[in-house]
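Coordinates in review
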Amino acid sequence: MSNYWSKRLNELEPYVPGEQPRQAGLIKLNTNENPFPPSPRVMEAMKQAVNNDLRLYPDPTDERLRTTIASYYHLSEKEVFVGNGSDEILAFAFRAYFDEDRPILFPEISYSFYPVYAKLYGIPFRTVPVDESGAIDVSAFFQDNGGIVFPNPNAPTSLALSLEQVEEIVSRNLSQVVVVDEAYVDFGAQTALPLIRRYPNLLIVQTLSKSRSLAGLRVGLALGHPSLIEALNRVKGSFNSYTLDRVAHAGAVAAFEDEEYFQHTRSEIMRIRDRTIKQLQDIGLWVAPSSTNFLWVKHGRVDAEEIYSRLREAGILVRHFSAPRVKPYLRITIGTEAEMDALISQLSEILVR
Ligand SMILES: *Cc1c(COP(=O)(O)O)cnc(C)c1O
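Residues numbered from 1 in each chain as written. Predicted model: local features only at pLDDT ≥ 70, side-chain atom pairs only at ≥ 80, totals over all residues. Heavy atoms only, no water.

Section: the domain arrangement of the protein chain
Applicable threshold: As used throughout, domain bounds are those supplied by an automatic or database domain assignment. Every residue pair with non-hydrogen atoms within 4.5 Å of one another is taken to be in contact. Throughout, buried area stands for the accessible area (probe radius 1.4 Å) lost by two parts on being put together, summed over both. Whenever Lys or Arg places a side-chain nitrogen within 4 Å of a carboxyl oxygen from Asp or Glu, that contact is recorded as a salt bridge. Whenever a nitrogen or oxygen atom comes within 3.5 Å of another N or O atom, the pair is scored as a polar contact, on the condition that within protein one atom can donate a hydrogen and the other can accept it, and that pairs from neighbouring residues in sequence are kept only if both atoms are in side chains.
For the protein chain, the assigned domains read domain 1 (7–37 + 260–347) and domain 2 (40–258). Facing the 34 residues of domain 1 at the interface are 36 residues of domain 2. Between domain 1 and domain 2 lies a buried interface of about 2800 Å² when both sides are counted; carbon and sulfur atoms form 60% of it. Three residues stand out in domain 1 for area buried against domain 2, namely Tyr15, Phe262 and Arg325, and they jointly supply 25% of the buried area on that side. Counting across the interface, domain 1 meets domain 2 through two salt bridges. Its salt-bridge partner being arginine 325, residue glutamate 132 comes within 3.8 Å of it at the nearest N-O pair. If you look at where domain 1 meets domain 2, you find 15 residue pairs in polar contact (both at pLDDT 80 or more).

Here it is, written out as structure tokens:
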């Protein structure tokens, strides 16, 4: 709090990202990063981009990256926007589509950045119920609203809605924008991409941070009707003309060009995930049926916060949230097979006591 701060900032509680510990040797399963390195072609492209051209500003229209993504998804480049992480695109989207006089909707258990953006811009919101199993009450999206945003698959519950459910939400809200945050879609859920040519109110947001091992590069993308993309460009042009640097452009283009590496690493993660779910169930944990690169788990007897602390003492970092609805759970990122073996062995020790 400070008298020098705006009223709105004084009332705002910023989002707190998962810890990035300095301690070496920790098994880091707390921020849904990919355990595999970026594609070697990405590394090479970025090294090539570190040259004298860095004295020049990057392309403010992100042309080459947008063309690459458009051809990857069989879209026109007018249907593609890129930004400095999908967090930035979400922040732009809230300003681009939502107003101060009508509440927007998002699930009550969801990405905790949404209420922060809403408060930053003074956009009112209501939440849609999520039951004990993590299922979103889709019918609650059919009430009057000023816009909708939800992750699919949802975070931190790891559960996906079907394409039919997403279409129902989009088609019953034709006079507002529906933003579908597909940060984890590459790990086995259905993308809403087949809907964007039919629904000019649908914006899909994706990221290179999770399935393409590039959290450190900060690249996200949005796909939708050219008019929705133009709105994002207007917000961008009112904030910062150069959100992606030259090195990020080069790395992100190469990431979309190495399809084989992408398919290999994402299927490895899904394989390790499905094996880990069984092992966790065998030692008595409840695990949500995940369509992501993380698991939402709970133990009937031992408190989540205690498991979190014991794992931490053993050098394994997972995520625990303290909000009332989510505090019985832990969110555990899928790491390498060896990291998951270490997790299972520590958990078995913690839970027998
Ligand atoms: C990780 C995540 C993001 C943010 O990703 P960046 O592109 O790294 O900013 C957005 N939405 C959800 C639901 C996420 O989990």
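Considerations on the UniProt feature "modified residue: N6-(pyridoxal phosphate)lysine" (unreviewed entry) in the protein chain
To keep it simple, the criterion reads: UniProt positions are given in the numbering used here, feature names are shortened, and annotations may be inferred rather than shown by experiment. Helix and strand assignments come from DSSP, with helices taken as H or I runs of at least 4 residues and strands as E runs of at least 2, each series counted from the N terminus. Here the term buried applies to any residue with accessible area under 20% of the maximum for its type, exposed to any over 50%, and partly exposed to those in between, with areas from a 1.4 Å probe on protein chains only.
The feature "modified residue: N6-(pyridoxal phosphate)lysine" (unreviewed entry), as annotated in UniProt, sits at Lys210 in this numbering. Examined against the element boundaries, lysine 210 turns out to sit in the loop between strand S7 (202–207) and strand S8 (220–224). Owing to a relative accessible area of 16%, lysine 210 belongs among the buried residues under this scheme. In this structure lysine 210 touches Thr31, Asn32, Asn34, Ala183, Tyr184, Phe187 and Asn293, once residues within four positions along its chain are discounted.

Looking at the packing of aromatic side chains
Note the threshold: Only rings of Phe, Tyr and Trp enter the pairing, Trp through its six-membered ring, and a pair is recorded when the two centres are within 6.5 Å. The plane angle decides the type: under 30 degrees is stacked, over 60 is edge-to-face, the rest tilted. A positively charged side chain is recorded as over a ring if its NZ (Lys) or CZ (Arg) lies within 6 Å of the ring centre. The angle to the ring normal must also be within 35 degrees.
Considering all chains together, one arrives at 20 aromatic pairs under this definition. Here the aromatic cluster, defined as three or more aromatic residues joined through ring pairs, consists of Tyr15, Phe94, Tyr97, Phe98, Phe106, Tyr111, Phe113, Tyr114, Tyr117 and Phe125. The residue whose ring lies beneath arginine 212 is phenylalanine 262, and the NZ or CZ to ring-centre distance is 3.8 Å. Over the face of the ring belonging to phenylalanine 294 we find arginine 331, whose NZ or CZ atom lies 5.7 Å from the ring centre.

Some remarks on the pairing of strand S3 (residues 104–107)
Looking along a regular strand, one sees side chains alternate from face to face of the sheet. The condition that has to hold: Here a strand pair is declared whenever DSSP counts at least two bridges between the two strands. When the strands point away from the viewer, a crossover counts as right-handed if the route from the first strand across the helix to the second turns clockwise.
Where S3 and strand S4 (residues 125–128) come together, four bridges link them in parallel fashion. Pairing of phenylalanine 106 across the sheet is with threonine 127, part of S4. In this fold, the crossover linking S3 to S4 by way of helix H5 (residues 113–121) has right-handed handedness.

Some words on a nonpolar patch on the surface
Put simply, the test is: Only residues whose relative accessible area exceeds 30% and that form no salt bridge are eligible for patches; like-charged ones are grouped when within 9 Å, while nonpolar side chains (Val, Leu, Ile, Met, Phe, Trp, Tyr) are grouped when within 5 Å. What sets the accessible areas is the Shrake-Rupley method with a 1.4 Å probe; for residues, cover comes only from the shown protein chains.
On the surface, Tyr4, Trp5 and Leu9 cluster together to form a nonpolar patch covering roughly 410 Å² of accessible area. In this structure, tryptophan 5 sits in the segment before helix H1 (7–11). Note on tryptophan 5: relative accessible area 43%, which makes it partly exposed.

Some remarks on the pairing of strand S10 (residues 294–299)
The element S10 is extensively covered by neighbouring structure, given that five of its six residues are classed as buried. Note: strand S9 (residues 285–287) against S10, three bridges, orientation antiparallel. Across the sheet, the residue bridging to tryptophan 286 is lysine 298, located in S10. Linkage of S9 to S10, two consecutive antiparallel strands, is achieved through a turn of six residues.

Comments concerning the UniProt feature "domain: Aminotransferase class I/classII large" (unreviewed entry) in the protein chain
The feature "domain: Aminotransferase class I/classII large" (unreviewed entry), as annotated in UniProt, sits at residues 26–346 in this numbering. Its end C-alpha atoms 13 Å apart, residues 26–346 is made of 37% helix and 15% strand.

Examining the nonpolar core
Short version of the rule: Side-chain atoms within 4.5 Å link the members of a nonpolar core, which is a set of buried Ala, Val, Leu, Ile, Met, Phe, Trp, Tyr and Cys residues.
Ile69, Phe150, Leu202 and Leu223 are the most contacted members of the largest nonpolar core, which totals 53 residues. Take this core: its biggest share by element is seven residues, from helix H8 (residues 246–257). Of the domains in this structure, domain 1 (7–37 + 260–347) and domain 2 (40–258) are the two that each give at least three residues to this core. Not counting the four nearest positions on each side in its chain, isoleucine 69 is found in contact with Val80, Val82, Leu221, Leu223 and Phe256. Ala183, Leu280, Phe294 and Leu351 belong to the second-largest nonpolar core, a separate cluster that totals 32 residues.

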